[in-house]
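Inside the fold
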There are 2 protein chains.
Amino acid sequence: MNKFHSAPLTAVKLADKFFAPRQQQSFSVTIPSALDKCYETGRIEAFKLSWKEGAPNRPHIFWDSDVAKVLEGMAYSLALKPDAELEKVYDDLVDLIASSQQPDGYLNSAITTNKQQGNDNRWQVLRTNHELYCAGHLMEAAVAGFEALGKRKLLDVMCRYADYIDSVFGYGEGKRYGIPGHPEIELALVKLYRATGNEKYLRLSKYFIDARGTDPEFFYKEEPQMPYNVPPQYRIGIINTIAEMPLREQTEVYGHAVRALYLLCGMADVAGLTDDETLLEACRRLYRNIVDKRMYITGGVGTSFDFERFTVDYDLPNDTRGYSESCANMALALFCRRMLDITGQREYADTMERVLFNGALSGIDLHGDHFFYPNYLEVNDNFVEYHAGRKTRQPWFNCSCCPTSYSRFLPQLGSFMWSVNDDMVRLEIPAANKLTLPGRMIEVSGNYPFEDKFTVKINSGEKFKLAVRIPGFAQSASFMLNGEKINMPAIDGYAEFDRQWHEGDEIICHLDMPFEFIRSHRKVTMNRGKVAVMRGPVVYCCENTDNPCDVSALFAASGSGFTAVELPGGYPAVKFNGFMEKLDGEELYTNKVPEYVPCRITAIPYALWQNRGETNMSVWLPEML
Amino acid sequence: MNKFHSAPLTAVKLADKFFAPRQQQSFSVTIPSALDKCYETGRIEAFKLSWKEGAPNRPHIFWDSDVAKVLEGMAYSLALKPDAELEKVYDDLVDLIASSQQPDGYLNSAITTNKQQGNDNRWQVLRTNHELYCAGHLMEAAVAGFEALGKRKLLDVMCRYADYIDSVFGYGEGKRYGIPGHPEIELALVKLYRATGNEKYLRLSKYFIDARGTDPEFFYKEEPQMPYNVPPQYRIGIINTIAEMPLREQTEVYGHAVRALYLLCGMADVAGLTDDETLLEACRRLYRNIVDKRMYITGGVGTSFDFERFTVDYDLPNDTRGYSESCANMALALFCRRMLDITGQREYADTMERVLFNGALSGIDLHGDHFFYPNYLEVNDNFVEYHAGRKTRQPWFNCSCCPTSYSRFLPQLGSFMWSVNDDMVRLEIPAANKLTLPGRMIEVSGNYPFEDKFTVKINSGEKFKLAVRIPGFAQSASFMLNGEKINMPAIDGYAEFDRQWHEGDEIICHLDMPFEFIRSHRKVTMNRGKVAVMRGPVVYCCENTDNPCDVSALFAASGSGFTAVELPGGYPAVKFNGFMEKLDGEELYTNKVPEYVPCRITAIPYALWQNRGETNMSVWLPEML
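Residues numbered from 1 in each chain as written. Chains lettered and ligands numbered in written order. Predicted model: local features only at pLDDT ≥ 70, side-chain atom pairs only at ≥ 80, totals over all residues. Heavy atoms only, no water.

**Some thoughts on the packing of aromatic side chains**
Under the definition given, this model contains 71 aromatic pairs over all chains. Plain terms: the ring middles of Phe409(B) and Phe416(B) are 5.5 Å apart, the flat faces sit at 45 degrees to each other, and that makes the pair tilted. In this structure, Phe409(B) and Phe416(B) share a single accessibility class: buried. The structure contains a cluster of three or more aromatic residues connected by ring pairs, namely Tyr106(A), Trp123(A), Tyr161(A), Tyr164(A), Phe169(A), Tyr171(A), Tyr207(A) and Phe208(A). (Phe/Tyr/Trp six-rings, centres within 6.5 Å; stacked < 30°, edge-to-face > 60°. Buried < 20%, exposed > 50% of the residue type's maximum accessible area, 1.4 Å probe, protein only.)

**Let's talk about the sheet that holds strand 6 (residues 418-420) of chain B**
Residues and elements named next belong to chain B. Strands sit in the order 1-6-7-11-15-14 across an open sheet of six strands; the sheet is mixed. The sheet terminates laterally at strand 1 (5-6) and strand 14 (490-491), the two strands that pair on one side only. By the bridge criterion, two bridges tie strand 1 to strand 6 in an arrangement that is antiparallel. Its bridge partner being in strand 6, serine 6 is matched across the sheet by serine 419. Running at roughly 55 degrees to strand 11 (residues 463-469), helix 13 (residues 346-357) makes contact with strand 11 and strand 15 (494-500) of the sheet. (Pairing = 2+ DSSP bridges. Helix = DSSP H or I, 4+ residues; strand = E, 2+ residues; numbered from the N terminus. Contact = heavy atoms within 4.5 Å. Axes fitted to C-alpha atoms, helices over the stretch in contact; angles between N-to-C directions.)

**Let's talk about the interface of chain B and chain A**
With 70 residues of chain B at the contact, the number on the chain A side is 71 residues. Both sides together, the interface formed by chain B and chain A hides about 5,500 Å², and carbon and sulfur atoms give 52% of it. The three residues of chain B that bury the most area against chain A are Arg519(B), Leu588(B) and Tyr589(B), which together make up 15% of that side's buried surface. One can count eight salt bridges joining chain B with chain A. Of the charged contacts in the structure, one is a salt bridge between Lys523(B) and Asp381(A), with a shortest N-O distance of 3.7 Å. Put simply, chain B and chain A have 32 residue pairs in polar contact (both at pLDDT 80 or more) between them. When residues of the side of chain B that touches chain A are traced back to their parent elements, those giving at least two are helix 11 (277-293), strand 17 (515-520), strand 23 (589-590) and strand 26 (621-624) of chain B. Take the side of chain B that touches chain A: its biggest share by element is five residues, from strand 17 of chain B. Taken together, the residues that form the side of chain B that touches chain A break down as 32 nonpolar, 15 polar and 23 charged. The sheet contact formed by strand 17 (residues 515-520) of chain A and strand 23 of chain B spans two bridges and is antiparallel. Bridging from a neighbouring strand, Ser520(A) pairs with Tyr589(B) of strand 23 of chain B. (Buried area = accessible area lost by both parts, 1.4 Å probe. Salt bridge = Lys/Arg side-chain N within 4 Å of Asp/Glu carboxyl O. Polar contact = N/O pair within 3.5 Å; in protein donor to acceptor, adjacent residues only side chain to side chain. Nonpolar A, V, L, I, M, F, W, Y, C, P; charged D, E, K, R; others polar.)

**Here's the deal with the relation of the copies chain B and chain A**
Superposing chain B onto chain A requires a rotation of 180 degrees together with a translation of 0.0 Å along the rotation axis, leaving an RMSD of 0.0 Å. On this basis, the relationship between the two copies can be described by a two-fold rotation axis. (Least-squares fit on C-alpha atoms with pLDDT ≥ 70 in both.)

Okay, structure coming up:
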C-alpha cells in the first residue's frame, strides 16, 4: 500500500549547513572512531569466538549490534564516499563475522562464547539476551552492504541465520513461541525480504508482531533461566519489553522508548506490505499518542530515565529525570519516514523534520565523536547524574548504542529529504541538496530553516509532478516560478507543480516562519508559565555562554520581538528581550522580593548546544507578562 | 555536654488543634491498626520461629523492626492512656519476642528461620540483611517499655542481645569489623546505655560510628554472600549505606535519607555524651548542608525516589521524581531535637518546628490509618508512579516502615514542645499544652500557629527561669506579663523570664507572623518564578477541592494580600488573589497566547492535604508579576 519511498542513498547530495557537515563528519570521524572503539573494547575480537572464562573483554549480549551498526554505516559511507582502505577493513570484518557463523546458521559472539549453560543457552532468555536484536542489526548491515555496495557475502550469511531463526520460532510443527525482548528484528526481516524477495522473511517478521503480547506471561516464565535472581523491585523492568497485550489492541505507547519505536517501525513495515489496515491503525493511534501527549518539543521521546521509558500523558520533565534518548529520537524519525511512505500524509513529515532538526542530532557534537545518551532540555548546577546522563557529551558508553546509532544514521540523512514514486517527486525537507534520479535532476538551495526562502531548480527537461511540502508550522507560503508569482493552493499540505519542466526552471519558495514563543499544553505542568522559542522546525535554547547570567535566572519578556544574528563559529542565533532575576542572600527559602533587571537574551538551535564547552542550558524560560 | 533534655513523655499533655488530635488518633487508630497488620501479615507469628520453607508469609529481614516500632508506640500509649486490654497484648507480645531469643542472645525472626545458609547466615550480609537495624528498633522498644511503664523483661532480653552483639563486633580480640547497612542501632545503644548506665553500650555505639567508612570497600566485599547476584546497574545502591568515608570527614549529606538521619541521631547522641567536638562539628556541618541546600520547604528530606536518597545541592523536585519520605522527615525532627538538647541553639528548634507542622505529619491522614510513603509537593494529572509513591494515602505498604514509624512518633509529639534542665524551662513550640513537672506547672493556650497570640500561665509558685522561643520567622515579638507590657530582649532567640513565679502568673505572647509569599534560592531551578505561601512555620498548599480550576493552571498574583478563613471541617485556610490560565485547543505545543482570568485562590496547611478525597495539589505556584 506504500505511496512513496525514499530516494536512494546515492541520489541525494546534501549541501546545507545543518545536515551536510554532520554527514561529512560521520565519514571522517564518527564511523572511524566508533570502529576504533569496537576494536579497542574487544567487540570485534569477540567474533573470533576465542574468548575464554577469566579473560578480559567478556563478550556482551549487545556487542554484535554495535559492530553491526558501524558496519551498516560503513556500507553507506563507502557508497557515498568510496575509500579503498576502508573497503578492505569492511571486507575483512564481514569475513570475520561470517567465520563466526555456526554450522546450523546461528550467529552470536556472546552467546556462542559464554558456554556456561551449554549450547542450550541459545534462546533461553529472549527477554534480556538480545540475540534476536543483534540478529536484526546484522541483517540491516547485510542489506546495507548489498544495496549500497552490491556485496552479497554478509547477506547470504544473514539469510542463513534468518532461515535458522525461522526454523525455531513460529506457529508451525516443531517450532516454539518466542518474541524478542528488544524489538528490531521485525524491521530488519522486512529489509531482508525487500532485498531478497523471499516472503519467508516477511512472514517471520509478521509472526513476531502477531505473537507479541498474546502470552503476557511469557517473559516472566523465562526468569528461572536468568543468570541472576531478579530482585523483586526490578521486575517492573519487564514493562520495557512491551508485551502486555497484542499490538493491534494497544492504545498508548509504553515501555522502553527505543524498543517501542523500533517495534513501531516493524509494525508499519509489515502493515504497509501486507495491507494490514488494523495494524496500520495501531501505528496511527500510537503515533498520535506520542505526538499529541508524549513528545518533547524537540521531538525527543521516552521521558523517564528510570528504565528509559515512556510514562504517562503530558509527563515531560526537562531535567535529568527526563530522558529523550538519542537512539529513541532517531528511531522516531525512522518511524515517521515509514508512515510518510505508507500514507503520504504531511503530518509525518512535520514530525520527522522536528526530530531531525532538534532531538535526533542534539545527541552528537559537531566534530562527530562525542555523544549525549539522554538529551535533556534543561541542565543546571543542580545536575543529578542518572545512568548515562552527563552534562557534556561523552566519547563512548558502557552500553554504547548511541554512538554506533549515529554511525549508521548520519550517512542516511539524505534519505529524509525527498519522497518519490513513479509519478511524483516530493520535496519533504527543503534543506539545500541535489537530487539525481533518472529524468529528475533537482537542486535545492538556500539556508532553510534559518532563512524563510529557498530555491528549487529543475535540471531535467521532462514531465513529472513536483510537490513541495508546506510545513504545518508555516502560516502561509508563496511561490515564484521563473520569476513570476504563482498561486499554488496547498493540496493536503503540498504545493503540487504538475508540468513539463525545462532545464533551468526555477521555483522560489517563501514560507511564513517567524520566530515565535511557543507554549505547552496546560497539562504539561513542568512548563507552566514558560515559553520556548522556535522558528519553523527549529527549537532554540539558551546557554550561559551567550547570556548575561545563569540561564536559570532568565525570564522571557512576553511580546518581545526577535532579532536573528550569527554568532562567532557560524551559529544561527536569535536575540530577544527578557529579565534577569536578582535575589540577594543565600537562604534556601526567603520572604525577600527579587529584582528583575531587563536584559537581552540570546538563544541558539538546541541541536547545537554544548559545542563550546560545559555550560548550563534551558529550552523553556519562565515568561514575564 | 547536653544543655537540655525533653520533658518526660507523661509530663506533657497536648491540647492544641494540630498535634493533640493526631496523638489521640494514634492511641485509638494508628497503633491498633498497625498491630492488626503485623498480625495479619505474619510479622508477629514470625517470632514463633515456626515458619518452614514453602509456607506463606516468609519472614522478611525488616519485619522485626515493624513489630518493634509498634511495640514502642504501645508503651508510650499505655503510659499516656492506660488500657488493661492493650497491656495484656503488650505483655504477651514481649513474652513471644523473648521466647525467640537464641541461647547466645541472638534474636531475629527472619534470619533464624531462613536457615538455607545454616546458622552462619548471621551477620553474612550486613549491607542488606538489616539484623543490626532490627536489633536497634527492638532496643528502642525495650527502653520505651522500661522508661514509660517500668517493665524490665524486654530490656533484659535486649541487653543480652546487645552483649552478644558486642562480643561479635569491635576492635578487641576475637571480634570482627562490621557496621550496619541501615543505621539505627547507634542511637538505640545510646538509649540502652541511658536506661541501664552500662557504658559498654555507649562504647559499642561509638564503635559503629567510628568504624563507619574506614573500610569503604566493606559492603562490596559482602557481595559473594548475597542471595542474588547484584546486577551491575544496581550496585550504585551501595551509596545508600553512607560508608564511603569516615563520618567525621563527611562534608555533604548523601545516601538513603532515613539512614542518613538515623545515623546523624546516633552521631549527635555519642558526640553529646562523650564531648566529642569533632563528631559534633560533623553533625553541625551536615545539618547546615541539609537546611541550607537539601531540604524541601516542608522540612522534607531525600529528594530522589531513586534509592530514596539525597542527591545534590538545590535539587528539590516537587513531583513524583522527588521523595521526602515520611520516615526521613520524622527522623529529621528527631535529629533536630537532639541537636537542640546538646547546643540549646534556637535554629534547631526552628527546623524541628518546620518539619513537625509540615513534612513530618503530611504522611498520615487525619483519621490515622492511611499513609503517604513519599510526600510530594505537587500532584497532577500526569502523576507517574514510582515505587511506593501514590496519589492518595495507603493503609499499608510492602515495605511498611512509615505506618509503624507513626505508631511510635505520634505518641511522642509532646516531647518536642519543651526543653528542660535543672535551672530552666524553655517553651520551644507554643502549641497549646500543659506541662506538669515538680515545681513547674505551666499551661500554654491559644491557637498557635494559626493565630499569632498565645498565653503561658504558670501554676507553680516557685523561682525558675522560663524562656519562650522567638521563632526565626517572627519579625518581632511582644509580651504582656499579668496585663502589663514588658520589654523582653531576645537572648539568642529566646525571651528569658527569670523570676519568682506566683500561681496564676500569665504571659501573653504576640508574634509578628503574617501570611507571606516565600521564594526559593535562585539555584532551586524547579521553583524559578514560583512562590509558596507560609504563615510562621506552616506551609500552605492548593488543592483542586477549594479552587476554581485545576491547581496546575493557577498563578499567584504578586503583592496580593491574604485573608485567613476557616473551611468546613475546621481547616484553617487562607485566600489570596491570582489568575487562572486559559489556553484553548489540545495541541501539545502551540503559538497561541493564553488568557489569564483573575480569581481567588484558596490554600490549606500542607500537612492536612488529601483528607477530602483524591485531588491535585501544589505547594509552589507560578507568580504573575
